[in-house]
Amino acid sequence: MSSAREIIVGIDLGTTNSLVAWVPAPKGSPDRKPVVLKSSDGSALVPSVVTVSGTSPVVGQVAKHRKVRDARTTAFSVKRLLGRSFSDLKTEAQSLPYELISDASGLVRIRLGDQVFSAIEISALILKELKKVAESQLEVPVRKAVITVPAYFNDSQRQATRTAGRLAGFEVLRILNEPTAAALAYGLGAKDRDGLIAVYDLGGGTFDLSILKLHEGIFEVLSTHGDTQLGGDDLDQALVAWATPDFIRFSAERWARPLLRNGAGQIEDPLARAELIEAAEKAKNQISGLKAGSDTVELLVKRDGLPSFSKKITGDEFNSLVRPVLERTRAACEAAMKDAGLSNSDLTEVILVGGPTRLPIVQKVAEEIFGRKPNTSMHPDEVVAEGAAIQADILAGGNPDLLLLDVVPLTLGMETYGGLVSPFIHRNSRIPTSVSENFTTFMDNQTGVDIHVLQGERDRAEDNRSLARFKLSGIEPKPAGFPRIEVTFLIDADGILQVSARDLQTGREQSIEVKPSFGLTDAEVEKMLLDSMDHAEADIATRRLVEAKNEAEPILRTAEAKIADAFRLLPQDEAKVIEGRMTDLKQAMAGQDPDQIREGLAALNRSTVRLAELLIKDALNQAREGRGKNGEHS
C-alpha cells in the first residue's frame, strides 16, 4: 500500500497489551473510521512484554510465551514503572519475577539477566514493535504518532512516554489521555450524540474516570480523577495471594522443593512466582465467560515431569475476592463527578474501557457507583487505539469537524515569600493554556529570584510536590517592590509544562521545561487531594498568618529605619508611641494570630501618619536647599 497523504498513527501503549491504528479513508470520504492494524500472526493485540534472553530483544507474543520459562529476563507491566523512583516501587518489586534496582540517583532500573534497562527503554522496544506492525501493514515508513496515556499520568510520566516514543523512532505529535481517546471513538460520526459521558477506564495497570461533554463535534473534558497503580494486574495479584499458601504447601510436598516466602509474604522463587502470576491471569480471563456464579475455573500450574498444582475458584468467590480492589475506583468516580459539578442523574452514558471491564464484577461495580447499566457495546481493548487514530487524523487535517478540549489533573503553581503557593493553573483547567502573573522583590537591592515550581492542592509549599527550581538573575538592584518579574506557566496540548520568568525592566529571561526525575506515586496523588480537603481550614489559617506577616514585615522594616527621624522631627512622647507600636507589632508577629498582627500593623500605621507628613516636608526642604545651593554656585 502507498499513499501520498501523511500517515500519522494512533498508539495505545498499554500495561498488558498495546495496539496501533490509523484512519485510512482520504479527507472528505464519508467512511472515515479508524482501523486497528494487525501483526503477522493476525492479532491486533501486541503483548507489552519484552524478553532479552537471546542475542536481541523479543517483543510481543513470543516474549509473552517466555514469561515463565525466562522469568528473570522478561519484563512486563512496565507502564506502571514509567516516571517513578525506586523508593516508589518497593511494594511492587516484591511481586515481580524480574528484578528492580536503584541507580545512583534513586531512579528505578530493570535488571534482565546481565543487562540493565530503564522503563523508558523497555517501553521504546514495545513501541518499535508497533512501528514494525504499522509499516508492514501500510507498506510505507511511519514516523509520526499520537500516543495515549492514563489521564492521571503526571508530568514526569508523560515526559517518559514521549521520550520512549522518540527512542522508538517516532515524532510524538500528541500525548492523549486514554479516556478522552475512548470518547473520541465513541462520538465519531454521531453528531446527534450530545450529552455528558463518564468514561470508566480500567486497564491492565491504571484506572481513570473522566467526565466529558459532547456537543456538535466538540469533546470537552470537564474533570478527571484516577489511580495510576490500580488495574487488572491487581486482580491477578489478589488471585495470587489467595492461591499462594496452598501453592507453597503443594510445592513442598509434591515437588520436594519448598518455596519460601520473604518478609512481605511473597514467593521468593522467580520461576514459581511467574508461574502463579500467569495461572492467575488465565483464570481471571476465563471467569469473564462463566454463565453462573457457581461455575468454576481452574488456576493451574504445570511443570514438566512433575505433578500439576490445581486450585478451583467459583465466579462468586472471585467476585468477593476482587471486590475490595474494584471498590477503590469508587472514590475516584465520586471525586470526578464532584469536580464536574454533576450528579449521577445528569449523565447520559457510562462507557467502560479496558480489557478487565469484560468481567461481570467490574460491570456490576460500575453500575452500583453510577446507578445505571454501563455501555458495553464498544470493544474494550481497541477503543483507545481507535480514538488515538482519530486524534492523529485530526492533526493530519483529515477531520476538521472535531475539536478536543482536555484538562490538567493537578494544580500547578510556584512558591512565594513565606512558603506559600501561588497557584497558576488549577486542577481540571482546560489545556492547552498559558497563565502569566507579575511579582516583585521582597528585599532591597535583590539581584535574583528563585523560581520553585510545585504540583498539588495545598497552600503551603512544603505540603506539595516539588517539580523544578531555577533562578532568574541579573535583576537591577532596587528597593523592594520596584522590580517587576513576569512569571508564565504554559501547558501544551500534551499536558507538559514549561515555566519562564522575565524581568520586565531589563528583559532578562530564564525558562525551563519541567522534567522531574520521577513522578508521583498513586498514594501521593490521592494524599494531595485528600489532604487539600482534610486540612482546608488549617491551610486557610496558615495562609492568613503568612500573608499578614508578609504585609507587616516591610512596614516594620521601614519604621525601624525611620525611628531616628521620628525622635528628630516629633515630640519625644509621640516618637515613643511609634516605638511602642513597633514593639507591639514584633510581638504579634512572633505569635500565630493574623488578626492581632493586622491590628498591630494598623496601629503602627496610624501612629506614623504625622511622621510621614514631616518626612515629606523635610525631603522637600532639602531638595529646595539643594537647588538653591546649585543656583548660587552657578
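Keep in mind that this is a model prediction, so the values were computed, not measured.

J.: Describe the overall build of the protein, with residues and values.
T.: Tallying secondary structure elements over the protein gives 15 helices and 28 strands in all. A buried classification covers 52% of the 634 residues belonging to the protein. Per element, the accessible surface of the protein, about 28100 Å² overall, is 49% carbon and sulfur.

J.: Go over helix α10 (residues 383–395) with me, naming the residues and quoting the values.
T.: Relative to the 18 Å expected for 13 residues at 1.5 Å per residue, α10 spans 19 Å between its end C-alpha atoms, a close match to the ideal helical length. In terms of residue burial, α10 counts as a mostly covered element, since eleven of its 13 residues are buried. Within α10, burial applies to Val383, Val384, Ala385, Gly387, Ala388, Ala389, Ile390, Gln391, Ala392, Asp393 and Ile394. Just downstream of α10, Gly397 is the residue with a positive phi angle, here 85°.

J.: Lay out the nonpolar core in plain terms, naming residues and giving numbers.
T.: Side chains of nonpolar character tend, in soluble globular proteins, to be buried together. Ranked by size, the top nonpolar core spans 96 residues in total, and within it Val9, Ile11, Tyr98, Ile110, Tyr200 and Phe370 carry the most contacts. For this core, the leading source of residues is helix α3 (residues 119–138), giving ten residues. In contact with Val9, other than residues within four places in its own chain, are Val20, Ala21, Trp22, Ala134, Leu138, Val142, Lys144, Ala145, Val146, Phe170 and Ala392. Counting residues in each nonpolar core, the second largest holds 24 residues, with Ala183, Ile197, Phe219 and Val221 among its members.

J.: Go over the environment of Glu281 with me, naming the residues and quoting the values.
T.: Secondary-structure assignment places Glu281 in helix α7 (residues 270–287). Taking the C-alpha atoms as reference points, Glu281 and Asp236, 45 residues apart in sequence, are found 5.5 Å from one another. Once residues lying within four places of it in the same chain are set aside, the contact partners of Glu281 are Thr16, Lys64, Lys67 and Asp236.

J.: Provide a residue-level description of the packing of helix α6 (residues 232–254) against helix α8 (residues 315–340), including the pertinent values.
T.: Contact pair α6 / α8: the axes reach a minimum separation of 10 Å and the direction vectors enclose 130°. With respect to each other, α6 and α8 are oriented oblique. Relative to α8, the crossing made by α6 is right-handed. Only Phe318, Leu321, Val322, Val325 and Leu326 of α8 make contact with α6, whose side of the interface consists of Asp234, Leu235, Ala238, Leu239 and Trp242. Class assignment of the residues belonging to the contact of α6 with α8 gives a composition of nine nonpolar, no polar and one charged.

J.: Explain the sheet that holds strand β5 (residues 49–51) to me, and be specific about the residues and the numbers.
T.: If you trace the three strands from one edge of the open sheet to the other, you get β6-β5-β7, paired in antiparallel fashion. Looking at strand neighbours, the two that pair on one side only are β6 (58–59) and β7 (74–76), the edges of this open sheet. Across three bridges, the pairing between β5 and β7 is antiparallel. When the sheet's bridge partners are listed, Val50 is paired in β7 with Ala75.

J.: Account for the pairing of strand β15 (residues 218–227), with residues named and values stated.
T.: Every other side chain in a regular strand lies on the same face of the sheet, so the side chains alternate between the two faces. Of all ten residues in β15, eight are buried, a share of seventy percent or more. Pairing of strand β14 (residues 207–215) with β15 involves nine bridges; the strand directions are antiparallel. Following the sheet pairing, Leu214 is matched in β15 by Phe219.

J.: Could you give an account of the packing of aromatic side chains, naming the residues involved and the relevant values?
T.: In this structure the tally under the stated criterion is six aromatic pairs. Centroid distance Tyr200 to Phe207: 4.8 Å. Interplanar angle 65°. Geometry classified as edge-to-face. Each of the two residues, Tyr200 as well as Phe207, counts as buried. With a centroid separation of 4.2 Å and an interplanar angle of 15°, the aromatic rings of Phe424 and Phe489 are classed as stacked. Of this pair, Phe424 sits in strand β21 (residues 420–425) while Phe489 is found in strand β26 (residues 485–491), placing the two residues 65 residues apart along the sequence. On the basis of relative accessibility, which here comes to 5%, the residue Phe424 falls in the buried class.

J.: So what's going on with the pattern of salt bridges? Which residues, and what values?
T.: Counted by the stated rule, this structure contains 22 salt bridges. The partner of Lys79 in a salt bridge is Glu178, and the shortest N-O contact between them spans 2.6 Å. Linking Lys79 in the loop between β7 and α2 (90–93) with Glu178 in helix α5 (residues 178–187), this pair joins segments that are 99 residues apart in sequence. Taking relative accessible area as the criterion, Lys79 reaches 7% and is therefore assigned buried. Glu178 sits in the buried class, given a relative accessible area of 4%.

How each quantity is defined
Residues numbered from 1 in each chain as written. Predicted model: local features only at pLDDT ≥ 70, side-chain atom pairs only at ≥ 80, totals over all residues. Heavy atoms only, no water. Helix = DSSP H or I, 4+ residues; strand = E, 2+ residues; numbered from the N terminus. Buried < 20%, exposed > 50% of the residue type's maximum accessible area, 1.4 Å probe, protein only. Areas by Shrake-Rupley, 256 points an atom, 1.4 Å probe, with all protein chains shown as cover. Expected span 1.5 Å × (residues − 1). Core = buried A, V, L, I, M, F, W, Y, C linked by side-chain atoms within 4.5 Å. Contact = heavy atoms within 4.5 Å. Axes fitted to C-alpha atoms, helices over the stretch in contact; angles between N-to-C directions. Parallel < 35°, antiparallel > 145°, perpendicular 65-115°, else oblique. Left-handed = near helix turned anticlockwise from the far one by under 90°. Nonpolar A, V, L, I, M, F, W, Y, C, P; charged D, E, K, R; others polar. Pairing = 2+ DSSP bridges. Phe/Tyr/Trp six-rings, centres within 6.5 Å; stacked < 30°, edge-to-face > 60°. Salt bridge = Lys/Arg side-chain N within 4 Å of Asp/Glu carboxyl O.

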